[in-house]
Amino acid sequence: MDVPTDGDGYRTNKRHAIPVVEYHMLEKKKYFPLSALSGLAVRTVLYPLTVIKTRLQLQKHNSLYSGTFDAFRRIVCSEGLRGLYSGFLVHNLAVASQMTFLTSYEITRHLLASQQICRNSRYRSFIAGGVASLVAQTVVVPVDIISQHLQILPVSNQLRSSHSSVKTVFVRPNVAPFDGVVDRINPAKAIVSEIYKHEGIRGFYRGYFTSVITYVPTSGIWWLSYDFYCDTLSELAPASLPRLSLQCMSALLSAVSTTILTTPMDAIRARIQVENEQFLVTAQTLWREERLRIFAKGLSPRLISSTISSFFVILCYETIKRWSLLDEYKSSVRW
């Protein structure tokens, strides 16, 4: 059943409905800087889980770590806390992809509604989420490839050994141990140089196709299910409950749903970007090595990361949108 819309194609608010703050309702000078700042803050908190997830996905069976908490303990013991932030400086460049994503998402939703191409809010979210992810992957894939090499740099020799039956190209630049910002940049420069020397620009888009077929539907499904959970919870919850709390709960439910569905593809993507193999070869190798365990490979850190990330991203995203409302819309959007 279609969600009710007004004459311009935007969703109308039922009595208990969660308000949708659309692009035309925002003061852009507030919205974009605050979004960038919140994105950086969330990435800082969650980055250790990204490092752990990458290492779990790239190991063969349990050759290095037996699980998420074992990986955390071993990394801290052998590399210190900064081992959990390997490649963090480079990874922060992905904030640009986040801004690209948000801009593409909001503009696509706005165009679909204002041109009356799609009158259903959930479908607009699905389409806009997919389009935004496709645009953002162009920016984020090169950053991902460099940061993933940095994430595994301290254990690259062990990973190479554990994958002795697989053709790998783990980059291990001849650099001194990390010691401050300068030494953290040197490995990144060496990795960029090594990738470019062997593969040119194409090397920075290794696994781009896999990233697209992983994240485009993931993003579309996430936003579609987010809208679905928002609508469902708003009908079930008492009217006195803050709408923002329902949005945060919807984000958690959406994160769990999409993470479980996309874990195998994410494991394949991580392998391709680091090992430089073809999609089918990587998929076959993972299946031969892991069998049904592929559906749980890196699942725990992904679930932890995605739920925490979704919660705080939506908390910041929806709060910032309310803070950025133009004066004429402030009275119509309820917290």
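Located above this text is the structure these notes cover.
Since this is a predicted model, take the numbers as computed values, not measurements. Along each chain, residue indices are assigned from 1 in the same order as the chain's sequence is written. In keeping with the predicted nature of the model, local features appear solely for residues at pLDDT of at least 70, side-chain atom pairs appear and are counted solely at 80 or more, and the whole-chain, interface and lining totals rest on all residues. Heavy atoms from the whole structure form the basis of all side-chain values; hydrogens and water molecules are not counted.

It is worth spelling out the nonpolar core at this point. Within the largest apolar cluster, 25 residues are counted, with the highest numbers of intra-cluster contacts made by Phe101, Tyr105, Trp222, Trp223, Tyr226, Ile314 and Tyr317. At the level of secondary structure, the elements contributing two or more residues to this core comprise helix H4 (95-114), helix H5 (121-152), helix H8 (208-236), helix H9 (243-275) and helix H11 (299-323). Helix and strand definitions here come from DSSP, where helices need a minimum of 4 consecutive H or I residues and strands a minimum of 2 consecutive E residues; each element is numbered from the N-terminal end. For this core, the leading source of residues is H8, giving five residues. We call two residues in contact when some of their heavy atoms are within 4.5 Å. Every residue in contact with tryptophan 222, bar those within four places of it in the chain, is listed here: Ala251, Ser254, Ala255, Thr258, Ser310 and Ile314. Here, nonpolar core refers to any group of buried Ala, Val, Leu, Ile, Met, Phe, Trp, Tyr and Cys residues whose side-chain atoms link them within 4.5 Å. Only protein chains enter the accessibility calculation, which uses a 1.4 Å probe; a residue is then buried when its area is under 20% of its type maximum, exposed when over 50%, and partly exposed in between. Ile146, Leu153, Ile191 and Phe204 belong to the second largest nonpolar core, which has twelve residues in total.

Every α-helix carries 3.6 residues per turn, so stepping three or four residues along brings you back to the same face. Taking 1.5 Å per residue as the helical rise, helix H10 (residues 279-290) with its twelve residues ought to reach 16 Å, and the 16 Å between its terminal C-alpha atoms agrees with that figure. Listed in full, the buried residues belonging to H10 are Thr282, Ala283, Thr285, Leu286, Glu289 and Glu290. Buried residues along H10 cover an arc of 165° about the axis, so they all sit on one side. Residues Leu280 and Arg288 are exposed on H10 and point more than 90 degrees away from its buried face. Positive phi appears at arginine 291, one or two residues downstream of H10, with a value of about 55°. In this scheme, a helix's expected span is set at 1.5 Å multiplied by one less than its residue total. Within this analysis, the arc is defined by the directions that extend from the helix axis to the C-beta atoms.

Mapped onto the elements, proline 242 comes out in the loop between H8 and H9. For the pair proline 242 and isoleucine 18, spaced 224 residues apart in sequence, the C-alpha to C-alpha distance is 9.3 Å.

Right, let's talk about helix H2 (residues 68-79) for a bit. Taking 1.5 Å per residue, twelve residues should reach 16 Å; H2 reaches 16 Å between its end C-alpha atoms and fits that length. Residues of H2 that are buried: Thr68, Asp70, Ala71 and Ile75. Each buried residue of H2 lies within a common arc of 155° when the element is viewed along its axis, so the set occupies one face. Looking at H2, the residues exposed on the side facing more than 90 degrees away from the buried face are Phe69 and Cys77. Its buried side turned inward, H2 meets helix H1 (28-58) and H11. Directly after H2, the chain includes glycine 80, whose backbone phi takes a positive value near 80°.

Right, let's get into the state of the cysteines. Disulfide: a covalent bond connecting the sulfur atoms of a pair of cysteines. Count a disulfide wherever a pair of cysteine sulfur atoms falls within 2.5 Å. Per the stated rule, a full pass over the model turns up zero disulfides. Residue cysteine 230 stays outside any disulfide, its sulfur separated by 9.3 Å from that of cysteine 248, the closest cysteine.

Bringing the packing of H1 against H11 into the picture now. Where H1 meets H11, the closest approach of the two axes is 10 Å, and the angle between their N-to-C directions is 180°. Overall, the two elements H1 and H11 adopt an arrangement that is roughly antiparallel. Taken together, the residues of the contact of H1 with H11 break down into 16 nonpolar, five polar and four charged. Helix axes use the C-alpha atoms of the stretch in contact, all axes being lines fitted to C-alpha atoms, and the angles between their N-to-C directions lie in the range 0 to 180 degrees. Just so you know how the angles are binned, under 35 degrees is roughly parallel, over 145 roughly antiparallel, 65 to 115 roughly perpendicular, and the rest oblique. Lys, Arg, Asp and Glu make up the charged group, whereas Ala, Val, Leu, Ile, Met, Phe, Trp, Tyr, Cys and Pro make up the nonpolar group; the residues left over, Gly among them, are polar.

To continue, consider the packing of aromatic side chains. Stacked, tilted and edge-to-face are the three classes applied to pairs of Phe, Tyr and Trp rings, where Trp contributes its six-membered ring and a pair requires centres within 6.5 Å; stacked means planes under 30 degrees apart, edge-to-face means over 60, and tilted covers the rest. One pass over the structure, following the stated rule, counts eleven aromatic pairs. Taking 6.4 Å as the distance between ring centres and 5° as the angle between the ring planes, the aromatic pair formed by phenylalanine 101 and tyrosine 105 counts as stacked. Of this pair, phenylalanine 101 and tyrosine 105 both sit in helix H4, four residues apart, which is roughly one turn of that helix. On the basis of relative accessibility, which here comes to 3%, the residue tyrosine 105 falls in the buried class. Each residue in the set Phe101, Tyr105, Trp222, Trp223, Tyr226 and Tyr317 is aromatic and connected to the rest through ring pairs, giving one cluster. Charge over a ring is defined by NZ of Lys or CZ of Arg lying within 6 Å of the ring centre and within 35 degrees of the ring normal. Seen from the ring of tyrosine 23, lysine 28 lies directly overhead, with NZ or CZ sitting 4.5 Å from the centre.

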